Each structure stands twice: as structure tokens, then as C-alpha cells.
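# Residue-level structure breakdown
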Amino acid sequence: MWQRTSQMLMVLSCLVLLGCTAVASQPEPIQGVQHVPPGFESVLKNLQKQTQVPVVLPTRIPTQALVEMGGKPQPYLGVELTEEGEFKGVYPFVLTTTPAAYEVSLDAESDCQGAGACSFGLLSGQKLMSNTPTVAQEYAYQSEDPTYNPIARSPEKPGPVSLSKGIKGYFVPYVCGANCDTSKVFWEQNGYRYMVGIRYASQKTMIEMANSAIANQVLE
């Protein structure tokens, strides 16, 4: 009897140890954000109620409103700016939210509600599915489709980038049609894909923004 009890205890001990090892080897799940940027409090609460995707927010949001046009810096949105040529504020607006995804517009005016005339950036998160295309596949048309001919485009090229904590990302530069799109950096963690985007931004600027979001995560 004692021998059988001893054997059972050894088996249980092994199972506990194996279980601990399995848990320790898994990536840490994203739980949310450490610091909520000013103006994001109500947006974050609404997102957390409406989506199952852990929300990630950057602490560095570029607000430079001037770009080179006609040989000199000019504002690319018709909104009020600071003397330094920056947007006066960042006003987040939820564009879409589902249990498996969310998208937030970064606006330069409080009543913009994501309109192209006053929106300068985007944030998004989505749950990855088995049939979700890679970012490179999704944006391949920009470099592979011979019929794709935008009015203007960034001089930088799309491609993989290195982010903080050893995370691999993917940079997509802006292109211009009727309006200019945002430059974007995507990255994936724990079964989710995240994106930060700013109009006319460089790869360096977008990497810094993405890194600030990664550093702002709360891990369980």
C-alpha cells in the first residue's frame, strides 16, 4: 500500500513539474496597457467592453503636421496647428470594433470622427485566423501589380523591420491617390496582429511609435 502511494505521489509530482514547465515556456499573453495616453480613457473602456482583442496603445504619437510640398514645409490637413507646425491635440475615435478586431482613428480635431479631412493616423488589432494572409501578401499589389500607379508614394520600400523585445514587424510606406494613406508598421504577438499608422511618416518614425506600444503592454 505504501509503495503504491509513493508511486502515485511521484507521478503527480512529475505531472506538476511538467505542467509548470509547459506554462513557463509559453509566450506571455498581452493583457492591456500600462499607461493610458491623454484622451484615450473612454475609448479604451469602450474597446475593452466590445472586443476580445487585448488593446495596445502607443505612448508616442507623432503630431508633425508639415510635409514638403512645392519645396517648402506645408500642412497636409486644413486644421489649426501650433506655432511649431504640429496638431494641437490627438483625439481618438473608434471606427470599428468586433469581438475579433478593432480600429481607431487618430484625429486632429475633437469632432472629426475619422473623416479624411482631419484624421492623421490609425491603430488596429485583430485576432489571427488560419486563413489570415500575411501583411506582405496583403500589400503585395503595391510593388507587384504593374497596373497599380498611385499619384505619389513614399521613397521608402515595404519590408520586414526589427522591433523591440526581439519582435519582427513589417513596414508599409504611404501611397497617395485621392488622399494619402498612412505609413504603417504591423507586428504579431500571441495570436494577434497589431498596427500603428501615421500619414506621410517615415519608417524610423513608425518603428518608434510601434516600439512605444510594445513597451506599454501589461503582461500577465
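Please refer to the structure placed before this passage.
The present account deals with the structure reproduced in this document. (Residues numbered from 1 in each chain as written. Predicted model: local features only at pLDDT ≥ 70, side-chain atom pairs only at ≥ 80, totals over all residues. Heavy atoms only, no water.)

## What about the state of the cysteines?
A full pass over the atoms with the stated rule returns 2 disulfides. A sulfur-sulfur separation of 1.9 Å characterises the disulfide bridge that pairs Cys176 with Cys180. When the S-S torsion is 100 degrees, as for the bridge of Cys176 with Cys180, the disulfide is right-handed. Owing to a relative accessible area of 6%, Cys176 belongs among the buried residues under this scheme. Ordering the disulfide-forming cysteines of the protein by sequence position, one finds them joined as 1-2, 3-4. (Disulfide = S-S within 2.5 Å. Buried < 20%, exposed > 50% of the residue type's maximum accessible area, 1.4 Å probe, protein only.)

## What about the pairing of strand β9 (residues 168-172)?
Of all 5 residues that make up β9, 4 are buried, and the element is covered over most of its length. Note that strand β8 (residues 159-162) and β9 share 4 bridges and pair antiparallel. Residue pairing across strands places Gly159 opposite Phe171, the latter belonging to β9. Linking two consecutive strands that pair antiparallel, namely β8 and β9, is a turn of 5 residues; a positive phi of about 60 degrees is found at Lys165 within it. By the bridge criterion, 4 bridges tie β9 to strand β11 (residues 182-189) in an arrangement that is antiparallel. From the neighbouring strand, Gly169 faces β11, where its bridge partner is Trp187. (Helix = DSSP H or I, 4+ residues; strand = E, 2+ residues; numbered from the N terminus. Pairing = 2+ DSSP bridges.)

## Quick word on the packing of aromatic side chains
Taken as a whole and assessed by the stated rule, the structure comprises 9 aromatic pairs. Between Tyr139 and Phe186, the ring centres sit 5.8 Å apart and the planes meet at 50 degrees, which makes this aromatic pair tilted. Linking Tyr139 in the loop between α3 (135-138) and α4 (141-144) with Phe186 in strand β11, this pair joins segments that are 47 residues apart in sequence. Assigned by exposure class, Tyr139 and Phe186 land together as buried. Through a chain of ring-to-ring contacts, the aromatic side chains of Tyr76, Phe87, Phe120, Tyr174 and Tyr200 assemble into a single cluster. (Phe/Tyr/Trp six-rings, centres within 6.5 Å; stacked < 30°, edge-to-face > 60°.)

## Describing the sheet that holds β9
The antiparallel open sheet is built from 7 strands, whose spatial order is β4-β5-β6-β12-β11-β9-β8. Strands with a single pairing partner mark the edges of an open sheet, and in this sheet they are β4 (91-98) and β8. Strand-to-strand twist in this sheet, taken as the mean axis angle between neighbours without regard to direction, amounts to 20 degrees. Packed on one face of the sheet, helix α2 (residues 41-50) meets β4 and β5 (101-107) and runs near 5 degrees to β4. Contacts between helix α5 (residues 203-215) and the sheet are confined to β5, β6 (119-127), β8, β9, β11 and β12 (192-199), with β11 contributing the most and set at about 40 degrees to the helix. (Axes fitted to C-alpha atoms, helices over the stretch in contact; angles between N-to-C directions. Contact = heavy atoms within 4.5 Å.)

## Examining the environment of Thr97
If you trace the backbone, Thr97 turns up in strand β4. When its relative accessible area of 24% is taken as the criterion, Thr97 is described as partly exposed. The spacing of Thr97 and Thr51 is 46 residues in sequence and 6.3 Å in space, taken between C-alpha atoms. Once residues within four sequence positions are removed from consideration, Thr97 is found in contact with Leu47, Gln50, Thr51 and Tyr102.

## Section: the nonpolar core
Membership of the largest hydrophobic core comes to 41 residues, with the highest contact counts inside it found for Phe120, Leu163, Val185 and Trp187. Looking at this core, the elements with two or more residues in it are α2, β5, β6, β11, β12 and α5. Among the elements that line this core, the one with the most residues is α5, at 6 residues. Core analysis: the second largest hydrophobic core is formed by 7 residues, Leu122, Tyr170, Phe186 and Met195 among them. (Core = buried A, V, L, I, M, F, W, Y, C linked by side-chain atoms within 4.5 Å.)

## A few points about the pairing of β12
Along any regular strand, the residues point their side chains to alternate faces of the sheet. Burial within β12 is extensive, with 8 of its 8 residues counted as buried. On β12, burial covers both faces: Tyr192, Tyr194, Val196 and Ile198 on one face and Arg193, Met195, Gly197 and Arg199 on the other are all buried. Pairing of β6 with β12, which is carried by 7 bridges, proceeds in the antiparallel orientation. Bridge pairing in β12 links Gly121 to Ile198. Across 8 bridges, the pairing between β11 and β12 is antiparallel. Across the sheet, the residue bridging to Phe186 is Met195, located in β12. Connecting β11 to the antiparallel partner β12 that follows it, the hairpin turn spans 2 residues, and Asn190 within it adopts a positive phi of roughly 50 degrees.

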